[in-house]
Each structure stands twice: as structure tokens, then as C-alpha cells.
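An overview of the molecular structure
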Amino acid sequence: AAGRARALDPASAEAAYNLGVALRGLEREREAIEPFEAAARLEPAYVADCLAEIGAILARTGDPAGARAKLDEALRLEPAHAAALRTRAALDGH
């Protein structure tokens, strides 16, 4: 359903974000990155959330340096972003 919504309204940040979440839920992590990037481009309010999502994906798929970069960027935008803080702490072994 999320993929169909995205196809019907490619200018919808919400549809793109929801597609990313759905793909992550299906363990299609790498495929989820593009919809999160699209959502961030389409709606500035989504940027920190999307960066945190991409950071989490990179952490889980073996790119800790890339994950840290995305998470740090999310935290620069929103210093109290809970998901970014949790994933960053896990990467740092806390």
C-alpha cells in the first residue's frame, strides 16, 4: 500500500517516508534509503527523522562510519532526537 501511495503521489513526503518505513519492516533495508532521501528532499520537517532512519539502516547493514555521519547530521538539526541518540549510543557501545 505504501508503494502504491508513493506511485500515486510522488510529490508526497509522507508517502515516501511511509514507503521507507514499510521497506524497513520487510527487512529491505537498502531499498528503504531512497524513499527516506526523497522524503527529506520533499519536506524539510522530515529531514532529521529521515537522517536518523538512514543512519539506523547503515548501522545495521555494516557501515558504522556512514551511520555516524547521518546520525550526527540528524543530531545537529535536532539535538534531542530520540531515535538518533539511541542508535548513536548503540554504535558507541553505550
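Look above for the structure.
Report follows, based on the coordinates.

Re the overall build of the protein
Assigned secondary structure in the protein consists of six helices and zero strands. For the protein, the C-alpha radius of gyration of 13 Å lies close to 12 Å, the compact-globule estimate for 94 residues. Considered along the principal axes of its C-alpha atoms, the protein spans approximately 40 × 25 × 15 Å. A buried classification covers 39% of the 94 residues belonging to the protein. For the protein, the proportion of contacts with a sequence separation of at least 24, taken over those separated by at least 6, is 39%. Accessible area for the protein stands at about 5200 Å²; split by element, carbon and sulfur atoms hold 54% of it.

Regarding unusual backbone geometry
Positive phi is not limited to glycine here, since Glu 27 has a value of about 60°. Tracing the chain through its elements places Glu 27 in the loop between helix H2 (13-25) and helix H3 (29-42). A relative accessible area of 70% means that Glu 27 is categorised as exposed.

Some thoughts on the packing of H3 against helix H4 (residues 47-60)
Closest axis-to-axis distance for the H3/H4 pair is 9 Å, and the angle between their directions is 165°. When the axis of H3 is compared with that of H4, the two are roughly antiparallel. H4 is crossed by H3, and the crossing has left-handed handedness. Contact residues: H3 offers Glu 29, Arg 30, Ala 32, Ile 33, Phe 36, Glu 37, Ala 39 and Ala 40, while H4 offers Val 47, Cys 50, Glu 53, Ile 54, Ile 57, Leu 58 and Arg 60.

Notes on the packing of aromatic side chains
Going through the model one piece at a time under the given rule, you end up with two aromatic pairs. Geometrically, the ring pair formed by Tyr 17 and Phe 36 is edge-to-face, given 5.3 Å between the ring centres and 65° between the ring planes. One end of the pair, Tyr 17, is in helix H2; the other, Phe 36, is in helix H3, with 19 residues separating them in the sequence. Overall, Phe 36 belongs to the buried group, its relative accessible area being 0%. Between the aromatic rings of Tyr 17 and Tyr 46, the centroid separation amounts to 5.6 Å while the plane-to-plane angle is 80°, which identifies the pairing as edge-to-face. Within this pair, whereas Tyr 17 is found in helix H2, its partner Tyr 46 is found in the loop between H3 and H4, the two being separated by 29 residues in sequence. Tyr 46 sits in the partly exposed class, given a relative accessible area of 23%. Taken together, the aromatic side chains of Tyr 17, Phe 36 and Tyr 46 make up a single cluster linked through ring pairs.

Definitions and limits used
Residues numbered from 1 in each chain as written. Predicted model: local features only at pLDDT ≥ 70, side-chain atom pairs only at ≥ 80, totals over all residues. Heavy atoms only, no water. Helix = DSSP H or I, 4+ residues; strand = E, 2+ residues; numbered from the N terminus. Rg over C-alpha atoms; globule rule 2.2 N^0.38 Å. Buried < 20%, exposed > 50% of the residue type's maximum accessible area, 1.4 Å probe, protein only. Contact = heavy atoms within 4.5 Å. Areas by Shrake-Rupley, 256 points an atom, 1.4 Å probe, with all protein chains shown as cover. Axes fitted to C-alpha atoms, helices over the stretch in contact; angles between N-to-C directions. Parallel < 35°, antiparallel > 145°, perpendicular 65-115°, else oblique. Left-handed = near helix turned anticlockwise from the far one by under 90°. Phe/Tyr/Trp six-rings, centres within 6.5 Å; stacked < 30°, edge-to-face > 60°.

Remember, this is a structural readout, not a statement about activity or role.
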